[in-house]
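Coordinate analysis (summary)
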Amino acid sequence: MASVSFRSVYKRYAGDVVAVKDLNIEVADKEFLVLVGPSGCGKTTSLRMLAGLEEISDGEILIGDRVVNNIAPKDRDIAMVFQSYALYPHMTVYENMAFGLRLRKVPKEEIDRRVRETAKSLLIDQLLDRKPRQLSGGQRQRVAVGRAIVREPQVFLMDEPLSNLDAKLRVEARAFISKLHQRLGTTFIYVTHDQVEAMTMGTRIAVMSAGELQQIDTPQNLYDHPANIFVAGFIGSPSMNFFEHSRLVDEGGKLFVETASYRLPVPEHRYERYRDHVGTEVILGLRPEVIHDSHYTPPSIQPAPIEANVDVVEQMGNEKILYLEEGGKTFVARLDPRTQAHVGQRIQVVIDVLNMHLFDVKTQKAL
């Protein structure tokens, strides 16, 4: 097994296009790191540089203690699972899984042992004689993972391997890959644009935007303490509500955040952190789940009541998602399923101000 290091890594293309800029990440041995971000953010390019499928413009990539910049992909001791699965259509499942081992001149008996043991562990041992066209999407995904496992690499690389699966299969496959990581005890680096995949699977998550690393931390810390507006808006579903043109004010020693429509008290334990920003414009961030129905308010919050008009109601069974509107601003609330609300109604909700977020207007960073 091995650690992975990106040290000041750049990827430039012709025409001054910088796909990856000054990427610095240390992935511990046996860690499950997820690279997440929108399309074009540089996450797949970073993975391909690690695999040796893209040249590095500047910097170093290490697998263990070995710099691999100029080492051929086949000699890096990694295995990659692609979005398309990249199975050979004319080969059986067995032949697809054995192909890489045959290229490496692994003894026939050892190949057979590895393929059959891996197929059994992935519950595809009854499919070994089938061709890829005879398999479902979920079965193809397991074959692609199995082909990587039999190589017994130091590092597994996965590039959006679940994007071709339907919603139900994706949930099952997430659990399957997480269990696989625990069982193999190998370093996994996983690329996705789906923040739900990132939150449920990663030991740590690296959030990227426009080729730059925005923040790297555990899923819970990213959620609770986003470094900037991009991370705050990208992590969490539905995403965080942002109230721009807000202002931090001091009245008789007490701090408040004033939006175009509301005035919310700042918790006292935040006074010291925010005091230097009194009188300045800020951006207020509220996650949908910190907005509660006033009739079903948890006892542990510090509530601030507000009123708003109901614009849209989404019945989710275990919760209700309300789109609320006030003063031309629409925001989302995730409420108790017992909430009685209908479109056009004016309702009272309460904000848990203990979980508000404030961001600097110019730098977009969390205060």
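Scroll up to find the structure.
For every chain, the first residue of the written sequence is number 1, and numbering continues from 1 along that sequence. Thresholds applied to this predicted model are a pLDDT of at least 70 for local features of residues and 80 or more for the giving and counting of side-chain atom pairs; totals over whole chains, interfaces and linings are not thresholded and use all residues. Think of the side-chain values as coming from all heavy atoms in the structure, minus any hydrogens and water.

**Remarks on the overall build of the chain**
The helix and strand labels rest on DSSP assignments: H or I over at least four residues marks a helix, E over at least two residues marks a strand, and numbering proceeds from the N terminus. Secondary structure summary: the chain contains nine helices and 20 strands in total. For the chain, the spread of C-alpha atoms along the three principal axes comes to 80 × 45 × 35 Å. Counting only residues that meet the buried cut, the chain has 48% of its 367 residues in that class. A contact between two residues is defined here by any heavy atoms of the two lying within 4.5 Å. Once local pairs closer than 6 in sequence are excluded, the contacts in the chain between residues at least 24 apart make up 66%. Within the chain, one finds 45 positive and 48 negative side-chain charges whose respective centroids are separated by 8 Å. Here's how the labels work: a residue is buried when its accessible area is under 20% of the maximum for its type, exposed when over 50%, partly exposed in between, all with a 1.4 Å probe on protein chains only. Residues scored as positive are Lys and Arg, those scored as negative are Asp and Glu, and His as well as the terminal groups of each chain are ignored. Charge coordinates come from a single atom per side chain, which is NZ of Lys, CZ of Arg, CG of Asp or CD of Glu.

**Observations concerning the sheet that holds strand β20 (residues 357–360)**
Paired strands, as defined in this entry, are two strands with at least two bridges between them according to DSSP. Read across the open sheet, the five strands follow the order β13-β12-β11-β14-β20; overall the sheet is antiparallel. The open sheet has two free edges, formed respectively by β13 (263–265) and β20, since each of these has just one partner strand. Strand-to-strand twist of the sheet, defined as the mean angle between neighbouring strand axes without regard to direction, takes the value 40°. Direction of pairing for strand β12 (residues 254–258) relative to β13: antiparallel, over a ladder of three bridges. Fitting a line to C-alpha atoms yields each axis, with helices limited to the stretch in contact; the angle taken between N-to-C directions then spans 0 to 180 degrees.

**Points about the pairing of strand β1 (residues 4–13)**
Along a regular strand, successive side chains alternate from one face of the sheet to the other. Where β1 meets strand β4 (residues 58–63), five bridges bridge the pair, whose relative direction is antiparallel. Looking at β4, one finds that Phe6 is bridged to Ile61. Here β1 pairs with strand β2 (residues 17–27) via seven bridges, running antiparallel. When the sheet's bridge partners are listed, Val4 is paired in β2 with Val27. Taking the residues between adjacent antiparallel strands as the criterion, β1 and β2 are bridged by three residues, where Gly15 takes a positive phi near 85°.

**Let's talk about the packing of helix α2 (residues 93–103) against helix α3 (residues 108–121)**
With their axes 10 Å apart at the nearest point, α2 and α3 run at an angle of 135° to one another. With respect to their mutual orientation, α2 and α3 come out oblique. Crossing of α2 over α3 shows right-handed handedness. Residues Tyr94, Met97, Ala98, Leu101 and Arg102 of α2 form the contact with α3, whose own contacting residues are Ile111, Asp112, Arg114, Val115, Arg116, Thr118 and Ala119. Its residues placed into classes, the contact of α2 with α3 shows seven nonpolar, one polar and four charged. Roughly parallel means an angle under 35 degrees; roughly antiparallel, over 145; roughly perpendicular, 65 to 115; everything else is oblique. Crossings are assigned a handedness: left-handed for a near helix turned anticlockwise from the far helix by less than a right angle, right-handed for a clockwise turn. We call Asp, Glu, Lys and Arg charged. Ala, Val, Leu, Ile, Met, Phe, Trp, Tyr, Cys and Pro are nonpolar, and the rest, Gly among them, are polar.

**Here's the deal with the nonpolar core**
Grouping buried Ala, Val, Leu, Ile, Met, Phe, Trp, Tyr and Cys residues that are joined through side-chain atoms within 4.5 Å yields what is termed a nonpolar core. Ranked by internal contacts, the top residues of the largest apolar core, which has 46 residues, are Met97, Val115, Ile177 and Tyr190. Among all residues touching Ile177, those that are not within four sequence positions of it are Phe32, Gln141, Met158, Pro161, Leu162, Phe188, Tyr190 and Met201. Ranked by size, the runner-up nonpolar core spans 31 residues in total, among them Val266, Tyr274, Ile306 and Val353.

**Examining the environment of Glu212**
Relative to the helices and strands, Glu212 is located in strand β10 (residues 212–217). Considered as a pair, Glu212 and Ile189 are 23 residues apart in the sequence and their alpha carbons are 17 Å apart.

**Some words on the side chain of His181**
Among the secondary structure elements, His181 is positioned in helix α5 (residues 167–184). On the accessibility criterion, His181 (12% relative accessible area) is buried. Excluding its chain neighbours within four sequence positions, the residues that come into contact with His181 are Lys30, Glu31, Phe32, Thr186, Phe188 and Thr203.

**Looking at the packing of helix α4 (residues 137–149) against α5**
At a minimum axis distance of 11 Å, the contact between α4 and α5 shows a crossing angle of 15°. The angle between α4 and α5 places the two elements in the roughly parallel class. As α4 packs across α5, the resulting crossing turns out to be right-handed. Taking contact as the criterion, the partners of Gly138, Gln141, Arg142, Val145 and Ile149 in α4 are, on α5, Leu169, Ala173, Phe176, Ile177, Leu180 and Leu184. Residue classes in the contact of α4 with α5 are distributed as eight nonpolar, two polar and one charged.

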